[in-house]
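Structure assessment
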Amino acid sequence: MYQHCFKRVFDFVISLVVIICILPILFVVTILLHFANKGAGAFFFQERPGKDAKIFKVIKFKTMTDDMDAEGNLLPDSERLTKVGKFVRSTSIDELPQLINVLKGDMALIGPRPLLVQYLPLYNKEQMRRHEVRPGISGWAQCHGRNAISWEEKFKLDVWYVDHVSLWTDLKVIVITI
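Described in the following lines is the structure provided in the data block. All values derive from a computational prediction rather than experimental measurement.

1. Some points on the pairing of strand E1 (residues 43–49)
- Note: E1 against strand E2 (residues 55–61), seven bridges, orientation antiparallel. Residue Gln-46 lies in a different strand from E2, and its bridge partner there is Val-58.
- Where E1 folds back onto E2 in an antiparallel hairpin, the turn is made up of five residues, including Asp-52, whose phi is positive at roughly 60 degrees.

2. Some details on the packing of helix H1 (residues 2–36) against helix H8 (residues 167–177)
- Close contact between H1 and H8 brings their axes to 11 Å; oriented N to C, the two are set at 35 degrees. Contacts between H1 and H8 involve Tyr-2, Lys-7 and Phe-10 from the first element and Leu-167, Asp-170, Leu-171 and Ile-174 from the second.
- Split into classes, the residues belonging to the contact of H1 with H8 amount to five nonpolar, no polar and two charged.

3. Quick look at the nonpolar core
- If you look at the biggest cluster of nonpolar residues, it comprises 27 residues, and the most contacted ones within it are Val-29, Leu-33, Phe-61, Val-88 and Tyr-161.
- Of all the secondary structure elements, the ones that give two or more residues to this core are H1, E2, helix H4 (98–104), strand E3 (108–110), helix H6 (140–143) and helix H7 (151–163).
- Among the elements that make up this core, the one with the highest residue count is H1 (six residues).
- Those residues within four positions of Leu-33 in sequence are excluded, and the remaining contacts are Gly-41, Ala-42, Phe-61, Lys-62, Thr-63, Val-84, Gly-85 and Val-88.

Rules of the game
- Residues numbered from 1 in each chain as written.
- Predicted model: local features only at pLDDT ≥ 70, side-chain atom pairs only at ≥ 80, totals over all residues.
- Heavy atoms only, no water.
- Pairing = 2+ DSSP bridges.
- Helix = DSSP H or I, 4+ residues; strand = E, 2+ residues; numbered from the N terminus.
- Axes fitted to C-alpha atoms, helices over the stretch in contact; angles between N-to-C directions.
- Contact = heavy atoms within 4.5 Å.
- Nonpolar A, V, L, I, M, F, W, Y, C, P; charged D, E, K, R; others polar.
- Core = buried A, V, L, I, M, F, W, Y, C linked by side-chain atoms within 4.5 Å.
- Buried < 20%, exposed > 50% of the residue type's maximum accessible area, 1.4 Å probe, protein only.

Okay, here's the thing in structure tokens:
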């Protein structure tokens, strides 16, 4: 019942309240990143697969410049990451614009993290089940190892979440994430 009726309402209301509460922070970070990125903007958009593998554009704060070498190739990430961008990444503030994706219905607060589109052909049938729900800003796998666990384990945890979506599970993930 929760997954099909109330989860979307829960996600929308919580996201709206959080956006309103952190609006001053978002505003300041946007301005700081605009200048740190040398006027190249404060937001980064990237295509990701969502529910039913439907492609959407995830919104994140842009933490790197668009600086290029003499041949027109982007410089290495380490050279393009700004001081402001490093702070924004280390505090996960770069994820906050995804609350707009939640409002739009592309994402949920909690669900499997949306991976890159290029990975879609690599999933087996069981791993593809992660797309039976909306992707989340945080998820069960992030609370149980994040980058310290293997891809196989992440996929198992994502599918576990798909099979156990509930208000209780979402609240646990929110508390652990905070």
